[in-house]
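Chain and residue survey
What follows is the residue order along each chain.
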Amino acid sequence: MNFLTVLRATNRQPMAKMIVAGPDGPQKFNARMSKRFYVQRRSFDSIFELHDILGELENDPSRFVIRGEPVPGCDLSQPVRRLKYRDGDEGPFFQDADEQWVCFDFDGIACPANIDPMSNPDAAISYLRRLLPPTFHNVTCSYQWSNGAGFDGWANLRAHLWFIIDRSINDDELRQWVYDARLPVDAALFNTVQPHFTARPLFVGMADPIPIRSNILLGIHNVAKIEISRPIDPHFERMRPSPIRSDVAKSVGARSQFIGSDDQILSYRRAGGPIGLLSALKEASR
């Protein structure tokens, strides 16, 4: 039995990115993160059951997934903050969990010239899957195109690939394994309370250019094997700070910085934005 921790924003505040049609082309806006969330643990036994849960979440912009699990004694009937460490009189509410699933976030991977993701998405996802270690190449995965996929004319591939793995693995092990293997994925997901956004974007004044955002890519096996080559190094750098991407900096402010470690906060200094953005976001989610 495997588990997902699903968080739902209080008042069902949308957590999905909003894409707004404009005279100069679509504009992307990040949603404002809710402070408190209701917590649900969802169980599944196979990659196909996991895919069904993700398909459900794709249509609910108020929910997303984290890798952590509630701490013992956490009252799940009340909304809580997304805290792994105590903050004043609150928390912690979540702890590292040894999970048997993993989500790989591919962002900005150059698309091969002979692949058309719109007409043959499985070929594009298969290409990304082969960028992982060989033990993943013939394994069934659930995939979803990221919010930014396709807006550059498919010059780059942006997608999330979810797998069931053969052993329980915690965040520290997963981060170290990814760095050791030099995988071209965003390791920020491998933090206890880091959001795994699962909802499709909210489109205002335009239709979704990717009508089918998620699917199953079949393989010979349904469980991937992770080979850990060395024990956890207690001095391993848990997460390297990395500059914020230019497309994100445009919407949240050029001085923003992305810090991925558990004991640092992902902070954005907003540089303004259209008045009533949140209201439009809520309206689009209805």
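Criteria and thresholds
Residues numbered from 1 in each chain as written. Predicted model: local features only at pLDDT ≥ 70, side-chain atom pairs only at ≥ 80, totals over all residues. Heavy atoms only, no water. Helix = DSSP H or I, 4+ residues; strand = E, 2+ residues; numbered from the N terminus. Buried < 20%, exposed > 50% of the residue type's maximum accessible area, 1.4 Å probe, protein only. Contact = heavy atoms within 4.5 Å. Areas by Shrake-Rupley, 256 points an atom, 1.4 Å probe, with all protein chains shown as cover. Phe/Tyr/Trp six-rings, centres within 6.5 Å; stacked < 30°, edge-to-face > 60°. Lys NZ or Arg CZ within 6 Å of the ring centre and 35° of its normal. Core = buried A, V, L, I, M, F, W, Y, C linked by side-chain atoms within 4.5 Å. Salt bridge = Lys/Arg side-chain N within 4 Å of Asp/Glu carboxyl O. pLDDT = per-residue confidence, 0-100. Polar contact = N/O pair within 3.5 Å; in protein donor to acceptor, adjacent residues only side chain to side chain. Pairing = 2+ DSSP bridges. Axes fitted to C-alpha atoms, helices over the stretch in contact; angles between N-to-C directions.

1. Observations regarding the overall build of the protein
- Of the regular secondary structure elements, the protein holds 5 helices and 14 strands.
- When burial is assessed residue by residue, the protein has 49% of its 286 residues classed as buried.
- Taking contacts inside the protein between residues at least 6 apart in sequence as the whole, the part at least 24 apart equals 75%.
- Of the accessible surface of the protein, which amounts to about 14,200 Å², a share of 49% is contributed by carbon and sulfur atoms.

2. Notes on the packing of aromatic side chains
- For the structure shown, the criterion picks out 11 aromatic pairs.
- Aromatic pair phenylalanine 104 and phenylalanine 163: ring centres 5.9 Å apart, planes at 65°, arrangement edge-to-face. Placement of phenylalanine 104 in strand S9 (residues 99-110) and of phenylalanine 163 in strand S11 (residues 156-169) is noted, with a sequence separation of 59 residues between them.
- Taking the relative accessible area as the measure of exposure, phenylalanine 104 reaches 0% and is therefore buried.
- An aromatic cluster is built from Phe104, Phe136, Phe163, Trp177 and Phe190, whose rings are joined through pairwise contacts.
- A cation sits over an aromatic face here: arginine 67 above tryptophan 101, 5.1 Å from the ring centre.

3. Focus: the nonpolar core
- Counting residues in each nonpolar core, the largest one holds 49 residues, and the members touching the most others are Leu4, Phe104, Ile125, Phe136, Trp145, Leu161 and Phe163.
- In terms of nonpolar packing, the next biggest core, distinct from the first, is built from 14 residues, Met15, Val71, Leu83 and Phe93 among them.

4. Digging into the pattern of salt bridges
- Going through the model one piece at a time under the given rule, you end up with 17 salt bridges.
- Glutamate 69 is paired through a salt bridge with arginine 41; the nearest N and O atoms lie 3.6 Å apart. Residue glutamate 69 is located in strand S6 (residues 69-70), and its partner arginine 41 is located in strand S4 (residues 36-44); the two are separated by 28 residues in the primary sequence.
- In this structure, arginine 63 engages aspartate 60 in a salt bridge whose closest nitrogen and oxygen atoms are separated by 2.8 Å. There is no split in this pair, since arginine 63 and aspartate 60 are both buried.
- When salt bridges that share partners are traced, they join Arg12, Arg42, Glu56, Asp60 and Arg63 into one network.

5. Some thoughts on the confidence of the model for the protein
- Per-residue confidence for the protein gives a mean pLDDT of 82; residues scoring 70 or more make up 80%.
- When the elements of the protein are averaged for pLDDT, helix H4 (residues 246-252) gives the smallest value, 34, and strand S10 (residues 141-145) the largest, 98.

6. Remarks on helix H3 (residues 171-181)
- Along H3, the positions that sit buried rather than exposed are Asp171, Glu173, Leu174, Arg175, Gln176, Trp177 and Val178.
- Turning to H3, the residues buried within the fold contact S9 and S11.
- With a side-chain oxygen lying 3.2 Å from the backbone nitrogen of aspartate 172, the N-terminal cap of H3 falls on asparagine 170.
- Among the residues trailing H3, arginine 182 stands out with phi positive, at a value near 55°.

7. Considering the sheet that holds strand S5 (residues 63-66)
- If you walk across this open sheet you meet the 5 strands as S7-S4-S1-S5-S12, and the pairing is antiparallel. The open sheet is flanked by strand S7 (80-81) and strand S12 (196-197), the only strands paired with a single partner.
- Bridge count between S4 and S7: 2 bridges; the pairing is antiparallel. Counted as the bridge partner of phenylalanine 37 is valine 80 from S7.
- Across the face of the sheet, helix H1 (residues 47-58) comes into contact with strand S1 (2-9), S4 and S5 while running at roughly 150° to S4.

8. Focus: the environment of lysine 35
- Relative to the elements of secondary structure, lysine 35 occurs in the loop between strand S3 (27-29) and S4.
- Sequence separation between lysine 35 and proline 79 is 44 residues, and the spatial gap between their C-alpha atoms is 9.3 Å.

9. Some points on the pairing of S10
- Here S10 lies mainly inside the structure; 5 of its 5 residues are buried.
- Neither face of S10 is open: one carries Cys141, Tyr143 and Trp145, the other Ser142 and Gln144, and all of them are buried.
- Here S10 runs beside strand S14 (residues 214-217); their pairing, made up of 4 bridges, is antiparallel. The residue of S14 that forms the bridge with serine 142 is isoleucine 216.
- Where S10 meets S11, 4 bridges bridge the pair, whose relative direction is antiparallel. Each residue of the ladder has a partner; that of glutamine 144, found in S11, is histidine 160.

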